[in-house]
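Secondary and tertiary structure notes
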Amino acid sequence: MMRPLTPPVGLPALSHSDLVRQIARVLTDAIVQGQIAPGGRLVEAAVARELGISRAPVREAARLLENQGLVVARPRRGFFVRVLSPEDIDDFYDLRLCIERHAAVLASRRMTPEASAALRRQLAVLHEIADSNDLARQIEEDFRFHRLICEIAGNRRLLKLFDNLSSELRTVIALIGRLYDDPHKVAGTHEPILAAIEAGHPERIVAHMDHHIGDAWRRVGELVRAMPAASLGATP
């Protein structure tokens, strides 16, 4: 006699779109961590084989990354990791500065003991993981600090703008990691920003954010301009 089937408990079905997003996240992490170099080709067959899936969702994930600006499509050649030009860096940082200046000032007006504690905890995490060799985690926690400021700001459209820059921001944070011998220095650059937000002084907030992002802008711009095409990945 056949045993009755266990009745469903309401678990969501794993849709095809969920699979595509998962693949996109895996590929994003690989790009940000430098496992797939700028200018490198995303070989769909190799990715599918390594993940144990078909090529179709890999191709859809690549299209998603193309929309996010992480890869570019070449007719009849496939997808390649985008190479950030000096102009790309300037455009990115110009927009990022506008967003984060405003977000930090808004966050200072909405600051509560709970919000301050959340930012302090995140800053502590940045220092804690500075002693690890986990670059991916360092990148992610740095990103979370800046996103948390945008969350506290309370402007949903501003947060959406920030999230639209997230893939490029993670890539740029990875570049910044090459510029500091001590990750604690990277973590320490966030402290004056937080102090100014907690103090609620708009002029100081803007000044510290300008210094923090402006210094990174200068350093990353110099790095990109100094890198030979072979290091950045020649445009296919």
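Look a little higher up for the structure.
In this report, the structure presented in the accompanying data block is examined. (Residues numbered from 1 in each chain as written. Predicted model: local features only at pLDDT ≥ 70, side-chain atom pairs only at ≥ 80, totals over all residues. Heavy atoms only, no water.)

A few points about the pairing of strand β3 (residues 78-81)
- Two elements, strand β1 (residues 41-42) and β3, share two bridges in a ladder whose sense is antiparallel. Bridge pairing in β3 links R41 to F80.
- Between the end of strand β2 (residues 71-74) and the start of β3, which pair antiparallel, lie three residues, with R76 showing a positive phi angle near 65°. (Pairing = 2+ DSSP bridges. Helix = DSSP H or I, 4+ residues; strand = E, 2+ residues; numbered from the N terminus.)

What about the sheet that holds β3?
- Across the sheet, three strands lie side by side as β1-β3-β2; this open sheet has antiparallel pairing. Taken across any chain shown, the strands that pair with only one partner, and hence form the sheet edges, are β1 and β2.

Overview of empty space enclosed by the protein
- Going through the model one piece at a time under the given rule, you end up with one cavity of 30 Å³ or more.
- Computed from the structure, the largest cavity encloses a volume of approximately 30 Å³.
- Around the largest cavity, the lining residues are L27, L42, V43, E44, V47, V58, A62 and F79.
- The residue makeup of the lining of the largest cavity, split by class, is seven nonpolar, no polar and one charged. (1 Å grid on protein atoms, 1.4 Å probe; cavity = no way out; pocket = protein on both sides within 12 Å on 5 of 7 lines; lining within 4 Å. Points joined across faces, edges and corners; volume = space filled by probe spheres on them. Nonpolar A, V, L, I, M, F, W, Y, C, P; charged D, E, K, R; others polar.)

Things to note about the packing of aromatic side chains
- Under the defined criterion, the tally for this structure stands at three aromatic pairs.
- For the ring pair F92 and Y93, a centre distance of 5.2 Å and an interplane angle of 80° mean the geometry is edge-to-face. Both residues of the pair, F92 and Y93, belong to the buried class.
- For the ring pair F143 and F162, a centre distance of 5.5 Å and an interplane angle of 25° mean the geometry is stacked. With F143 in helix α6 (residues 135-153) and F162 in helix α7 (residues 156-164), the pair connects residues that are 19 residues apart, well separated along the chain.
- Judged by relative accessible area, F162 falls into the buried class, the value being 2%.
- An aromatic cluster is present here, built from F92, Y93 and W217 joined pairwise through their rings. (Phe/Tyr/Trp six-rings, centres within 6.5 Å; stacked < 30°, edge-to-face > 60°. Buried < 20%, exposed > 50% of the residue type's maximum accessible area, 1.4 Å probe, protein only.)

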